[in-house]
Amino acid sequence: MTVPGVLKRVLPFFLTFAAGLFIASFFVSISSPSFNFPRKNNRHREERQLRIENDGLQRENADLRRQLEEAGLKTGSFTVGSEVFEADNAPPPPPPAPAKRPHRVLLDR
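For clarity, every value in this text was computed on a predicted model and none was experimentally measured.

> It is not clear to me how the overall build of the protein should be interpreted in this structure. Could you clarify?
A count of helices and strands for the protein gives 2 helices and 2 strands. Traced from its N-terminal end to its C-terminal end, the protein shows the element sequence α-α-β-β. Counting every position in the protein, which comprises 109 residues, the buried fraction comes to 4%. Carbon and sulfur atoms form 60% of the exposed surface of the protein, whose accessible area is close to 11,200 Å².

Following this line, the structure appears as structure tokens:
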């Protein structure tokens, strides 16, 4: 194949490709992608923070259990932080169930 024959076949491809990139640049960033993965330090810091929070919640649960055991699950009060709660042995009765209406079946006439 001669040089003009190659240009006739290759040049339209490159012109079409350039036009496609130009049009696509309005909608999508054509720059090379950035692979900014979060560092492992951030993950370790987050895990450490979650461990600290979990330990605090476990301590709070232990304190609440101890307060309930001290109260002997009798009627009385116990405190959580600055709030005072009343404890009863029996839970309140459940609300009554709503009355059910009979199901009507519609028949085709």
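> Even after reading the chapter, I still don't get the packing of aromatic side chains, so can you show me in this structure?
Each aromatic ring pair is specified by the distance between its two centres and by the angle formed by the two planes. Under the defined criterion, the tally for this structure stands at 3 aromatic pairs. Through a chain of ring-to-ring contacts, the aromatic side chains of Phe13, Phe14 and Phe17 assemble into a single cluster.

> Help me understand helix α1 (residues 3-24), please; the structure alone is not making it clear to me.
For an α-helix, the turn length of 3.6 residues means that residues three or four places apart are oriented alike. With 22 residues, α1 extends 31 Å from end C-alpha to end C-alpha; this agrees with the ideal 32 Å at 1.5 Å per step. Along α1, the sharpest change in direction is near 25° and occurs at Val10; proline Pro12 comes one to four residues later.

> Hey, could you run me through the pattern of salt bridges in this one?
Where charged atoms from two side chains of opposite charge come close, those side chains can pair. Tallied over the full model, the rule gives 2 salt bridges. A salt bridge links Arg66 to Asp63, with the shortest nitrogen-to-oxygen separation between them at 3.9 Å. Remark: Asp63 and Arg66 occur in helix α2 (residues 40-71); sequence separation between them is 3 residues, near one turn of the helix. Judged by relative accessible area, which is 39%, Arg66 ranks as partly exposed.

> For this particular structure, what's the right way to read a nonpolar patch on the surface?
Judged by side-chain polarity, Val6, Val10, Phe13, Phe14, Phe17 and Leu21 come together as a nonpolar surface patch covering roughly 550 Å² of accessible area. Here Phe17 shows up in helix α1. Of the residues examined, Phe17 reaches a relative accessible area of 49% and is grouped as partly exposed.

The rules behind the values
- Residues numbered from 1 in each chain as written.
- Predicted model: local features only at pLDDT ≥ 70, side-chain atom pairs only at ≥ 80, totals over all residues.
- Heavy atoms only, no water.
- Helix = DSSP H or I, 4+ residues; strand = E, 2+ residues; numbered from the N terminus.
- Buried < 20%, exposed > 50% of the residue type's maximum accessible area, 1.4 Å probe, protein only.
- Areas by Shrake-Rupley, 256 points an atom, 1.4 Å probe, with all protein chains shown as cover.
- Phe/Tyr/Trp six-rings, centres within 6.5 Å; stacked < 30°, edge-to-face > 60°.
- Expected span 1.5 Å × (residues − 1).
- Bend = angle between axes of the 7 residues up to and from the residue.
- Salt bridge = Lys/Arg side-chain N within 4 Å of Asp/Glu carboxyl O.
- Patch = residues over 30% accessible without salt bridge, like charges linked within 9 Å, V, L, I, M, F, W, Y side chains within 5 Å.

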